[in-house]
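Descriptive analysis of the structure
Each chain is listed here by its residues.
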Amino acid sequence: MRQKNDPHPHSHSHLDGHSHSHDHSHGPGHSHSHGKNANKQALKLSFFIITAYMIVEAVGGFITNSLALISDAGHMLSDATALGLSYVAMTFGERKASEFKTFGYKRFEVLAAFLNGLTLIAISLYIFWEAYRRFSQPPEVMSSGMIVIASIGLLVNIIAAFILMKGGRSENLNIRSAFLHVIGDLLGSVGAIAAALLIMFFGWDLADPIASVAVAILIIVSAYRVTRDSIHILMEGAPTHINVSDVRDKLGSIPNVIEVHDLHVWAISSDIPSLSCHIVVNDLHNSLTVMKEAKSRLENQFKIKHTTIQIDTPETQCDIEEH
């Protein structure tokens, strides 16, 4: 078994003319672990900030009778859940692979993002229903308390967004989903402030359910994106930034290569793309040269480092059934 950060991925040839290359490295160990630690610290700090203020905003929403504040607190609850789940997922994802879970627990991060998305959808549907009830009979709202709480909430969300943007890496699906939650909250706080001002100066109580609907729309949009992206990874879809046809063409244009088939590109987690394929060469003596060039092109042009490549010849490939 090769060590995770082995800089010399191996290839081995068999008597039947098949060659396999396994590269399980994920880049320089130091920068990778540094990135992971930065992500985890950003998530942990944001989690404590968001959770503390979510309690304040929920209590304030019930005291002032503001649905806009309650909906924003609901979004902050989903934020806290998202951040907590993401932190647990990243910690869990660092566990070593075993004979039963050969890829380790990295896919857990994607599962956490999927659960976050479902949570957001449920919360937004509740807010829509509550707002519908309030449109027919707008209750009286304490606008002065509402504006104070919403203003502090805006500041808290700006701090949390800054922490995630500076400390985290946007290519990680969990960091991105957490950042989307916080941005949605930030806009929700802006909506609550606007509603409070309209109630305070014009006595327009309908502003409160209208602001809550605006928050719910923001929530459901971010929920759709995160859920869609996580489902795509769970369904072994090709990463959106990798054109599979382009990969096939680049591998097919390597000297001495006749054909590339049974090509699969997927992602283990949001930032670890993987590839497996069969490459047919004109002569088995060229297999090592082709293998090195294929791995070089995949890593340099597509950032794919986790590869399994089988080298075939025209004589041996007819025995292989394509999937």
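In what follows, the accompanying structure is described.

Counting its regular elements, the chain contains nine helices and five strands. For the chain, the sequential pattern of α-helices and β-strands runs β-β-α-α-α-α-α-α-α-β-β-α-β-α. Sequence separation of at least 24 residues holds for 72% of the intrachain contacts in the chain that already meet a minimum separation of 6. In the form shown here, the chain has an accessible surface area of approximately 16000 Å², with 64% of it arising from carbon and sulfur atoms.

On to the packing of helix α3 (residues 107–136) against helix α6 (residues 207–234). At their nearest, the axes of α3 and α6 sit 7 Å apart, and the two run at 155° to each other. The angle between the axes of α3 and α6 places the two elements in the roughly antiparallel class. Between α3 and α6 lies a crossing whose hand is left-handed. Considering only residue class, the contact of α3 with α6 consists of 23 nonpolar, six polar and three charged.

Moving on to the nonpolar core. Counting residues in each nonpolar core, the largest one holds 33 residues, and the members touching the most others are L43, I50, M146 and L164. Looking at this core, the elements that each hand over two or more residues are α1 (29–64), α2 (67–93), α4 (143–167), α5 (173–202) and α6. The biggest single contributor to this core is α4, with ten residues. The residues touching L164, leaving out its near neighbours within four places in the chain, are A42, L43, S46, L83, I175, A178, F179 and V182. Core analysis: the next-biggest nonpolar cluster, separate from the first, contains 20 residues, V257, A294, L298 and I304 among them.

Before going further, it helps to examine the pairing of strand β5 (residues 306–312). Within β5, six of the seven residues are buried, leaving the element largely enclosed by the surrounding structure. Two strands pair when backbone bridges link them, and strand β4 (residues 272–281) and β5 are joined in this way by seven bridges, in the parallel orientation. Looking across to β5, one finds that L275 is bridged to T307. The parallel pair β4 and β5, bridged by helix α8 (residues 287–302), forms a crossover whose chirality is right-handed.

Before going further, it helps to spend a moment on the packing of aromatic side chains. Evaluation of the coordinates by the stated rule reveals two aromatic pairs. Pairing F47 with F48 gives two aromatic rings, centres 5.5 Å apart and planes at 65°, and the pair type is edge-to-face. The class for F47 is partly exposed, based on a relative accessible area of 26%. Given a relative accessible area of 53%, F48 falls into the exposed group.

With that settled, consider the packing of helix α7 (residues 244–252) against α8. Orientation of α7 relative to α8, taken along the N-to-C sense of each, is 145°, at an axis distance of 10 Å. The interaxial crossing formed by α7 with α8 has right-handed handedness. Here α7 contributes D246, V247, K250 and L251 to the contact with α8, which in turn contributes A294, R297, L298, Q301 and F302. The residue makeup of the contact of α7 with α8, split by class, is five nonpolar, one polar and three charged.

Before going further, it helps to spend a moment on the side chain of E57. Tracing the backbone through its elements, the reader meets E57 in helix α1. Lacking a salt bridge, the buried E57 has R134 as its closest oppositely charged neighbour, with an N-O distance of 13 Å. E57 has contacts with L69, D72, A73, M76 and I149, leaving out every residue within four places of it along the chain.

Take the environment of V156 next. Mapped onto the elements of the fold, V156 is located in helix α4. Taking the C-alpha atoms as reference, V156 lies 9.8 Å from M54; in sequence the two are 102 residues apart.

On to the pattern of salt bridges, then. Considering all chains together, one arrives at seven salt bridges under this definition. Here K250 ties to D246 by a salt bridge, and the two come within 3.3 Å at their closest N and O atoms. Linking K250 with D246, this pair stays in helix α7, spanning four residues, or about one helical turn. Assessed through its relative accessible area of 30%, D246 is described here as partly exposed. A salt bridge links E293 to R297, with the nearest nitrogen and oxygen atoms 2.6 Å apart. Here the residue E293 and the residue R297 both occupy positions in helix α8, the gap between them amounting to four residues, near one helical turn.

Right, let's get into a nonpolar patch on the surface. There is a patch of nonpolar side chains on the surface, built from F135, L197, L198, M200, F201, F202, W204 and I210 and spanning about 780 Å² of accessible area. Looking at which element gives the most residues to the nonpolar patch, the answer is α5, with five residues. Inspection of the secondary structure assignment puts I210 in helix α6.

Conventions used here
- Residues numbered from 1 in each chain as written.
- Predicted model: local features only at pLDDT ≥ 70, side-chain atom pairs only at ≥ 80, totals over all residues.
- Heavy atoms only, no water.
- Helix = DSSP H or I, 4+ residues; strand = E, 2+ residues; numbered from the N terminus.
- Contact = heavy atoms within 4.5 Å.
- Areas by Shrake-Rupley, 256 points an atom, 1.4 Å probe, with all protein chains shown as cover.
- Axes fitted to C-alpha atoms, helices over the stretch in contact; angles between N-to-C directions.
- Parallel < 35°, antiparallel > 145°, perpendicular 65-115°, else oblique.
- Left-handed = near helix turned anticlockwise from the far one by under 90°.
- Nonpolar A, V, L, I, M, F, W, Y, C, P; charged D, E, K, R; others polar.
- Core = buried A, V, L, I, M, F, W, Y, C linked by side-chain atoms within 4.5 Å.
- Buried < 20%, exposed > 50% of the residue type's maximum accessible area, 1.4 Å probe, protein only.
- Pairing = 2+ DSSP bridges.
- Right-handed = clockwise from strand over helix to strand, strands pointing away.
- Phe/Tyr/Trp six-rings, centres within 6.5 Å; stacked < 30°, edge-to-face > 60°.
- Lys, Arg positive; Asp, Glu negative; His and termini not counted.
- Salt bridge = Lys/Arg side-chain N within 4 Å of Asp/Glu carboxyl O.
- Patch = residues over 30% accessible without salt bridge, like charges linked within 9 Å, V, L, I, M, F, W, Y side chains within 5 Å.

It is worth stressing that arrangement in space is one thing and function is another; only the former is reported here.
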